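Architecture at a glance
The lines below spell out each chain.
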Amino acid sequence: MSHGQPSDPDPAEAALAEFAAEVARALPGWQVGSATLAKPGALEAALADAGPGAHVYPYFMTGGWFTGEALIERLAGAQAVVLPPFGHDPGLPGMAAALLSEVMAAQGWQAPEVRVFLAAHGSGRSAQAAIDSQGFAAALAAALPVAEVRVGFVEEPPYLADQARDLGARAICLPFFAAKGGHITEDIPEALELAGFQGVVLDPIGCAPGAAALVARGLKREPGPA
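Read on for a plain summary of the structure. (Residues numbered from 1 in each chain as written. Predicted model: local features only at pLDDT ≥ 70, side-chain atom pairs only at ≥ 80, totals over all residues. Heavy atoms only, no water.)

1. Focus: the packing of aromatic side chains
The full count for this structure, using the stated rule, is three aromatic pairs. Arranged with centres 4.5 Å apart and planes meeting at 35°, the rings of F19 and Y59 form a pair that is tilted. Separated by 40 residues along the polypeptide, F19 in helix α1 (residues 9–25) and Y59 in the loop between β1 (54–56) and α3 (65–74) bring together distant segments of the chain. Since its relative accessible area comes to 7%, Y59 is described here as buried. Ring geometry for F136 against F176: centres 4.6 Å apart, planes inclined by 25°, an arrangement best described as stacked. One end of the pair, F136, is in helix α5 (residues 128–143); the other, F176, is in the loop between β5 (171–175) and α7 (182–195), and 40 residues separate them in sequence. No difference in accessibility class separates F136 from F176, as the two residues are buried. An aromatic cluster is present here, built from F19, Y59 and F86 joined pairwise through their rings. (Phe/Tyr/Trp six-rings, centres within 6.5 Å; stacked < 30°, edge-to-face > 60°. Helix = DSSP H or I, 4+ residues; strand = E, 2+ residues; numbered from the N terminus. Buried < 20%, exposed > 50% of the residue type's maximum accessible area, 1.4 Å probe, protein only.)

2. Some details on unusual backbone geometry
The peptide bond linking P157 to P158 adopts the cis configuration, its omega dihedral lying at -5°. For P158, the location among the structural elements is in the loop between β4 (148–153) and α6 (160–163).

3. Some details on the pairing of β5
Summarising burial for β5: five of the five residues are buried, a large majority. Here β5 shows two buried faces, one formed by A171, C173 and P175 and the other by I172 and L174. Examined bridge by bridge, strand β3 (residues 115–120) and β5 share five bridges and lie parallel to one another. When the sheet's bridge partners are listed, V116 is paired in β5 with I172. In this fold, β5 hands off to α7, which returns the chain to strand β6 (residues 200–201); that crossover is right-handed. (Pairing = 2+ DSSP bridges. Right-handed = clockwise from strand over helix to strand, strands pointing away.)

4. Describing the environment of V103
Mapped onto the elements of the fold, V103 is located in helix α4 (residues 92–107). The spacing of V103 and V200 is 97 residues in sequence and 8.6 Å in space, taken between C-alpha atoms.

5. Describing the sheet that holds β4
Read from one edge of the open sheet, four strands run β4-β3-β5-β6, paired in parallel fashion. Two strands in the sheet have a free side with no partner beyond their single neighbour: β4 and β6. Seen against the sheet, α5 touches β3 and β4 and runs at an angle of roughly 165° to β4. On the sheet, α7 packs against β3, β5 and β6 and is oriented at approximately 150° with respect to β5. (Contact = heavy atoms within 4.5 Å. Axes fitted to C-alpha atoms, helices over the stretch in contact; angles between N-to-C directions.)

Next comes the structure, spelled out in structure tokens:
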């Protein structure tokens, strides 16, 4: 499940369903459904369809208020097991490093001369979102010998536009988001333009080609199908 877009929930609901179908293709014999928190009744319907003992996989990048409080409140009374969010998957830094390496090779850049800008959400409600984002940045830097991995946030300091300045032309912006939405189509481009960012802007890491396979591998580590 994911957050979705409260003002227009259907596109995000459809995109998540398509992603869940991709995950399901990698897990023969498993029942894999999906729901966003923003779509009224979607989570409840998905839980009813899955039955008791369902495993809920939060397609979120970090822990914090949504996964630690809002989701738990919505699941009150349901016999469900909440798994760690997508952003906590131990294979994610390696997947991101491989993706960035492909981009650098296509540009003819060498890793030690490249700066990576991680555009993350942050939170005004919980410090955990920033802690998790910075933790991912450190893991990515350990996996990929770039000149710098810098983090900026939408909802808390250090903000996107401040952190995206002076990165040079050999820079890559990797949005630390699970899906496309208003932050991807509006907030991040506006901040990058304000900062004079000259580099390459990628799709969210949650939309990368290997994301569904990574989720499937993570689910296989659990005791059994949801």
